[in-house]
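Structure assessment
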Amino acid sequence: MPRLILGIESSCDETGVGLVRLHEDGSVELLADEVASSVEQHARFGGVVPEVASRAHLEAMTPTLNRAFETAELNLSDVDAIAVTAGPGLAGALLVGVAAAKAYAVALDVPLYGVNHLAGHIAVDTLQHGPLPSPCLALLVSGGHTQLLRVDRIADTITEIGSTVDDAAGEAYDKVARVLELPYPGGPPIDKAARNGDPEAIAFPRGMTGPRDAPFDFSFSGLKTAVARWVETAQRRGETIPVEDVAASFQEAVADVLTAKAVRAARDSGIGTLVVSGGVAANSRLAALATERCTEAGIELRVPRPRLCTDNGAMIAALGAHLLAADITPSELDFSAQPALPVGTVSV
């Protein structure tokens, strides 16, 4: 019998509520995906303010959930299981979602899964492209995370093979956008500016690509600093900053490193499928270069549509559906939000 899973996401500045249907054949169908973002409240600070985010989640949780059920033309009483982001993320923001999910689970007397936000970014791909091959490789690129992950089974077997040692790619985008006086968050405006720029105009460094560097780890702090120093030098000379060229050259450096390491990891592991997800996966140059290099290497590339790449409740509901299908034991009601939850822990 098909089962309805409610997913709740509140790890950062988006309040997400998703509804999916788990069918008897194991397929997962997306029924509703509603998001309330507080990004405009953080824009004047140039980054997410945890207290502001937590308050926004409190205000948005019930209205967002109501919209999801209206979209799906379903009732809360139809829910068979609930999944909620337990971590990683901002402590206060996570607590809002966890508290709401626990209340609904108790009221409805349904199983509750506290799940990993990062695993949700991988699971969401199944809503668009169907079941994940086993094994597959996932490149997760978001505001706070840049990781290469081997996925043997999305419900419980994810292994990190590479991660960022400093700034994640999304953080670098935000900081470079500030240097170029572009809006926050930095990803979309840099991507837009780069379309009219020359990606070879400035030879920005490719971090951690030397022979002695960890082959699958990432570093974007040096790149961010190199952009800032280049802009400062040009300003001291009284030159007009070629924003489009700087944006294109910076973006090329990020996409080059991400795709080169991901394809190399897939080849070295003998894995034929690469999933790219997370907010930065919506970047046009990253998608284009990943497509080009995966095609050359004979690797299947799967990238969820942009709406599914960013934080949302659908990805948490999708992960919950996979846990339910795999007969994973539900979480105890006394679990806590875990801001530093490791990616290998899919559910708590």
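Numbering of residues starts from 1 in each chain and follows the order in which that chain's sequence is written. Under the rules for a predicted model, residues below a pLDDT of 70 receive no local features and side-chain atom pairs below 80 are neither given nor counted, while totals for whole chains, interfaces and linings still include all residues. Derived side-chain values reflect all non-hydrogen atoms in the structure, with water molecules and hydrogen atoms excluded from consideration.

1. A word on the overall build of the protein
Within the protein one finds 12 helices and 10 strands. Its C-alpha atoms give the protein a radius of gyration of 20 Å, within 12% of the compact-globule value 20 Å for 348 residues. Once the C-alpha set of the protein is aligned to its principal axes, its extents read approximately 65 × 45 × 30 Å. For the protein, the share of sequence-separated contacts (at least 6 apart) that also reach a separation of at least 24 residues comes to 74%. Throughout, the Shrake-Rupley method with a 1.4 Å probe supplies accessible areas, and for residues the shown protein chains are the sole cover considered. Of the roughly 14400 Å² of accessible surface on the protein, 49% is carried by carbon and sulfur atoms. Charge convention: Lys and Arg are scored as positive, Asp and Glu as negative, and His as well as the terminal groups of each chain are ignored. By convention, the charge on Lys lies at NZ, on Arg at CZ, on Asp at CG and on Glu at CD. In the protein, 26 side chains carry a positive charge and 44 a negative one; their mean positions are 6 Å apart. Each helix is a run of DSSP H or I of at least 4 residues and each strand a run of E of at least 2, with the numbering of both proceeding from the N terminus. The globule rule used for comparison is 2.2 Å times the number of residues to the exponent 0.38, while the radius of gyration itself is calculated over C-alpha atoms. Any pair of residues with heavy atoms lying within 4.5 Å of one another is described as a contacting pair.

2. Things to note about the packing of aromatic side chains
One pair of aromatic rings is described through two measures. These are the centre distance and the angle between the planes. Working definition: rings of Phe, Tyr and Trp (its six-membered ring) pair if their centres are within 6.5 Å, and the pair is stacked with planes under 30 degrees apart, edge-to-face with planes over 60 apart, and tilted otherwise. Scanning the model with the defined rule gives 2 aromatic pairs in all. A ring pair is formed by Tyr173 and Phe250, whose centres lie 5.0 Å apart and whose planes are at 70°; its orientation type is edge-to-face. You can see Tyr173 sitting in helix H6 (residues 169–179) and its partner Phe250 sitting in helix H9 (residues 243–269), a full 77 residues away along the chain. By relative accessible area, Tyr173 is classed as buried at 3%. Any residue under 20% of the maximum accessible area for its type is buried, any over 50% is exposed, and the rest in between are partly exposed; the area is computed with a 1.4 Å probe on protein chains only.

3. Points about the sheet that holds strand E1 (residues 3–9)
An order of E3-E2-E1-E4-E5 is seen for the 5 strands of this open sheet, with the pairing classed as mixed. Looking at the sheet topology across the chains shown, the edges are occupied by strand E3 (28–37) and strand E5 (112–116). Taken over all neighbouring pairs, the strand axes of this sheet differ in orientation by 20° on average, direction set aside. Two strands qualify as a pair provided DSSP detects at least 2 bridges between them. Across 7 bridges, the pairing between E1 and strand E2 (residues 14–22) is antiparallel. Residue pairing across strands places Gly7 opposite Gly18, the latter belonging to E2. Comment: axis = line fitted to C-alpha atoms, over the contacting stretch for helices; angle = value between 0 and 180 degrees taken between N-to-C directions. Sheet contacts for helix H3 (residues 91–108): E1, strand E4 (81–87) and E5; angle to E4, the most-contacted strand, approximately 160°.

4. Notes on the pattern of salt bridges
Any Lys or Arg side-chain nitrogen found within 4 Å of a carboxyl oxygen on Asp or Glu counts as a salt bridge. Applying the stated criterion across every chain yields a total of 12 salt bridges. Ionic pairing is found between Arg150 and Asp152, a salt bridge with its closest N-O pair at 3.0 Å. Residue classification places Arg150 among the partly exposed residues on the basis of a relative accessible area of 28%.

5. Thoughts on the packing of H6 against H9
Interaxial distance between H6 and H9 falls to 11 Å at its minimum, and their mutual angle equals 175°. As far as their axial angle goes, H9 and H6 are roughly antiparallel. From H6, Ala169, Ala172, Tyr173 and Val176 reach across to H9, where they touch Phe250, Gln251 and Val254. Any residue outside Ala, Val, Leu, Ile, Met, Phe, Trp, Tyr, Cys, Pro, Asp, Glu, Lys and Arg is labelled polar, Gly included; the first ten of those are nonpolar and the last four are charged. Tallied by class, the residues present in the contact of H6 with H9 amount to 6 nonpolar, 1 polar and no charged. Small angles under 35 degrees read as roughly parallel and large ones over 145 as roughly antiparallel, with 65 to 115 read as roughly perpendicular and the rest as oblique.

6. Overview of the pairing of E3
Pairing of E2 with E3, which is carried by 9 bridges, proceeds in the antiparallel orientation. In the strand pairing of E3, Arg21 is matched with Glu29. Count of turn residues in the E2/E3 antiparallel hairpin: 5 residues, of which Gly26 carries a positive phi of about 90°.

7. So, the environment of Ala91
Here Ala91 lies in helix H3. Sequence separation between Ala91 and Asp166 is 75 residues; the distance between their C-alpha atoms is 21 Å.

8. As for the sheet that holds strand E7 (residues 146–153)
If you walk across this open sheet you meet the 5 strands as E8-E7-E6-E9-E10, and the pairing is mixed. The open sheet has two edge strands, strand E8 (157–163) and strand E10 (300–302), and neither has a second partner. If you compare each strand with its neighbour and ignore which way they point, the axes differ by 25° on average. Note: strand E6 (residues 136–141) against strand E9 (residues 273–277), 4 bridges, orientation parallel. Residue pairing across strands places Leu137 opposite Leu274, the latter belonging to E9.

9. Considerations on the side chain of Thr85
Mapped onto the elements, Thr85 comes out in strand E4. A polar atom in the side chain of Thr85 sits 2.5 Å from the side chain of Glu9. Ignoring any residue separated from it by four or fewer positions in sequence, one finds Thr85 in contact with Ile8, Glu9, Ser10, Ser11, Leu94, Val98, Val115, His117 and Ile316. In protein, a polar contact means a hydrogen-donor-capable atom and an acceptor-capable atom, both N or O and within 3.5 Å, with residues adjacent in sequence counting only if both atoms are side-chain atoms; elsewhere, any N or O pair within 3.5 Å suffices.

10. A short note on the state of the cysteines
Disulfides are defined in this document as cysteine sulfur pairs within 2.5 Å. The tally for this structure, following the rule as stated, stands at 0 disulfides. No disulfide involves Cys136; its sulfur sits 12 Å from the nearest other cysteine sulfur, which is in Cys294.

11. Quick look at the nonpolar core
Of all hydrophobic cores here, the largest spans 46 residues; its most connected members are Leu139 and Phe250. Of all elements in the fold, only E6, H6, helix H7 (187–194), helix H8 (221–236), H9, E9 and helix H10 (284–297) reach the threshold of two or more residues within this core. Here this core gets 13 residues from one element, more than from any other, and that element is H9. Contacts of Phe250, omitting those with residues within four sequence positions, involve Ala172, Tyr173, Val176, Ile190, Phe204, Leu223 and Val227. In terms of nonpolar packing, the next biggest core, distinct from the first, is built from 37 residues, Ile5, Leu149, Ile154 and Leu319 among them. Buried Ala, Val, Leu, Ile, Met, Phe, Trp, Tyr and Cys residues form a nonpolar core when they are joined through side-chain atoms within 4.5 Å.

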